[in-house]
Amino acid sequence: MNLLENPLRLTLLFSLWLLLLSGSIDAAEKGQQGVQLNIGTILASNESDDFDAKLSKMNNQLEVIKYSSYRLIKEESQKAPWNGNAAFEIPGGRTLTVIPQEYRNNRLSLKVRLQEGEKPLLDTTVRIRNRGNFLLGGPPHEGGVLILSISATTQ
Amino acid sequence: MKIDCEAIKSSLGAWLDGELSHPEAEQIRVHVQECPACFGEKEQLERLQASLKGALEARASRLAFEPFWDGVHRRILEKSPWRERLWDWVRPAIYPQRLAWAIPVVIVFLLGIISLEQFFPGWRWGSSRSNATTVDSIDGHGLNVAVFRESKTKTTVIWLFENQEDEDESSGESAPTDSSF
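Residues numbered from 1 in each chain as written. Chains lettered and ligands numbered in written order. Predicted model: local features only at pLDDT ≥ 70, side-chain atom pairs only at ≥ 80, totals over all residues. Heavy atoms only, no water.

On to the overall build of chain B, then. A tally of regular secondary structure across chain B gives seven helices and three strands. Secondary structure elements of chain B, listed N to C terminal, follow the sequence α-α-α-α-α-α-β-β-β-α. A buried classification covers 20% of the 181 residues belonging to chain B. Once local pairs closer than 6 in sequence are excluded, the contacts in chain B between residues at least 24 apart make up 24%. Accessible surface, chain B as shown: approximately 13,400 Å² in total, 59% of it carbon and sulfur. (Helix = DSSP H or I, 4+ residues; strand = E, 2+ residues; numbered from the N terminus. Buried < 20%, exposed > 50% of the residue type's maximum accessible area, 1.4 Å probe, protein only. Contact = heavy atoms within 4.5 Å. Areas by Shrake-Rupley, 256 points an atom, 1.4 Å probe, with all protein chains shown as cover.)

Structure follows, in structure tokens:
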């Protein structure tokens, strides 16, 4: 029996091919591209009630930290290869180093290190949703504290 | 010839009812004209049919068909429930062969949903809707570390602070204002 004579079988074969093709293209793309890292440095304090309009999308996220004033003082983006590092200068002589490790189930695994000069302050490994973010806060700065919004995107 | 007669006799009823194709009917007609046995069989069958028809017609004339036809007419005019009408409309489309088109459509639809996030960065679907970050390991190198999650957006916050005493002192305040390194 010729497999291609039956329209139903032909359709099933085409569907299977379509699935395999999309899967292989997706896997190839994921393997080649690196990770776009975006670090927003926010100064939070109680010295005023000003809320930076540039942070309006993060209003809900910042609410929980309970400071009265939030100001975006620096924003930096870098593209990092898988298992390669990206270093970001943070106000106060600090450095944030991010190493994207793997991408699985729509989540990126990131190794994050915060240093003050040569002194390590924090080492953590997190799994973050693609295009998602998390906040790293606490380092004091100009009468307030710094909050780092760390987001990562891969295509 | 006997075999032919048997075959003809078995088809006589269908022939008399006009159910045979033209060549078959013609073949039987010719045979019946030439074969006395089959002709007799045909005559007998015709008489039987005529007597049955007469008996049925006599009975039918006594039956009241008006209520029956009224019922049929009413059923025709009656509006069927929307579920039945929907089923009547859908039924032809779900025969297996006609359903073949649905398979690639479903696959393309699912692939489209999965790909939506690439085209619309704000789009989130299924489990990926949560912004929750999983912390696999954490080391504060002597500093205290707190990990908590904002409830509305499920944002994970990692907070560094130098010592617990300072935090305790500030716990009555609205914010951790005295973090120092």
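Here the narrative resumes, following the displayed structure.
According to the stated counting rule, one finds three aromatic pairs over all chains in the structure shown. With centroids separated by 6.4 Å and ring planes inclined at 25°, the aromatic side chains of Tyr67(A) and Trp159(B) adopt a geometry described as stacked. Taken together, the residues Tyr67(A) in the loop between helix H2 (59-63) and strand S2 (69-80) and Trp159(B) in strand S3 (residues 156-161) connect one chain to another. The exposure classification of Tyr67(A) matches that of Trp159(B), with both residues buried. Measuring from ring centre to ring centre gives 5.1 Å for Phe68(B) and Trp69(B), while their planes differ by 70°; the resulting arrangement is edge-to-face. By relative accessible area, which is 48% here, Phe68(B) ends up partly exposed. (Phe/Tyr/Trp six-rings, centres within 6.5 Å; stacked < 30°, edge-to-face > 60°.)

So, on to unusual backbone geometry. All names here are of chain A. Phi angles above zero are rare outside glycine, and asparagine 83 is one such case at about 65°. Tracing the backbone shows asparagine 83 in the loop between S2 and strand S3 (86-90). Phi at asparagine 106 takes a positive value of approximately 65°, unusual for a residue other than glycine.

Here we come to the confidence of the model for chain B. All names here are of chain B. On average, chain B scores 78 in pLDDT, and the residues at 70 or more come to 78%. At the low end of the mean pLDDT range in chain B sits helix H7 (residues 164-169), at 52; at the high end sits helix H2 (residues 22-34), at 91. Residue range residues 169-180 is modelled with pLDDT below 50. Its contacts to residues more than four positions away, or to other chains, number 27 contacts. Scored by ipTM, the complex comes to 0.79, with pTM at 0.53. (pLDDT = per-residue confidence, 0-100.)

Residue and element names in this part refer to chain B. One way to put it is that H2 packs onto helix H3 (residues 36-62) with a least axis distance of 5 Å and a crossing angle of 110°. Between H2 and H3, the interaxial angle falls into the category roughly perpendicular. In this structure, H2 contributes His31, Val32 and Glu34 to the contact, and H3 contributes Pro36, Cys38, Phe39 and Lys42. Split into classes, the residues belonging to the contact of H2 with H3 amount to four nonpolar, one polar and two charged. (Axes fitted to C-alpha atoms, helices over the stretch in contact; angles between N-to-C directions. Parallel < 35°, antiparallel > 145°, perpendicular 65-115°, else oblique. Nonpolar A, V, L, I, M, F, W, Y, C, P; charged D, E, K, R; others polar.)

In this model helix H4 (residues 66-77) of chain B runs 16 Å from its N-terminal to its C-terminal C-alpha over twelve residues, within 8% of the 16 Å that 1.5 Å per residue would give. Burial of H4(B) is sparse: only one of the twelve residues sit out of reach of the surface. (Expected span 1.5 Å × (residues − 1).)

The strand order across the open sheet built from five strands is S3(A)-S4(A)-S5(A)-S6(A)-S1(B), with neighbouring strands paired in antiparallel fashion. The sheet is open, and its two borders are formed by S3 of chain A together with strand S1 (134-139) of chain B, each paired with just one other strand. Neighbour to neighbour, the strand axes of the sheet diverge by 20° on average, direction disregarded. When strand S4 (residues 94-104) of chain A meets strand S5 (residues 107-116) of chain A, the two strands line up antiparallel, connected through ten bridges. Paired with Val98(A) across the bridge in S5(A) is Val112(A). (Pairing = 2+ DSSP bridges.)

Before going further, it helps to spend a moment on the sheet that holds strand S7 (residues 133-141) of chain A. The sheet built from six strands is open, its strands ordered S2(A)-S1(A)-S8(A)-S7(A)-S3(B)-S2(B) with mixed pairing. Bordering the open sheet on either side are S2 of chain A together with strand S2 (144-149) of chain B, each of which pairs with just one other strand. Within the sheet, the average angular offset between the axes of one strand and its neighbour, ignoring direction, is 20°. Summarising the sheet, strand S1 (residues 35-45) of chain A and strand S8 (residues 144-153) of chain A pair through nine bridges and their orientation is antiparallel.

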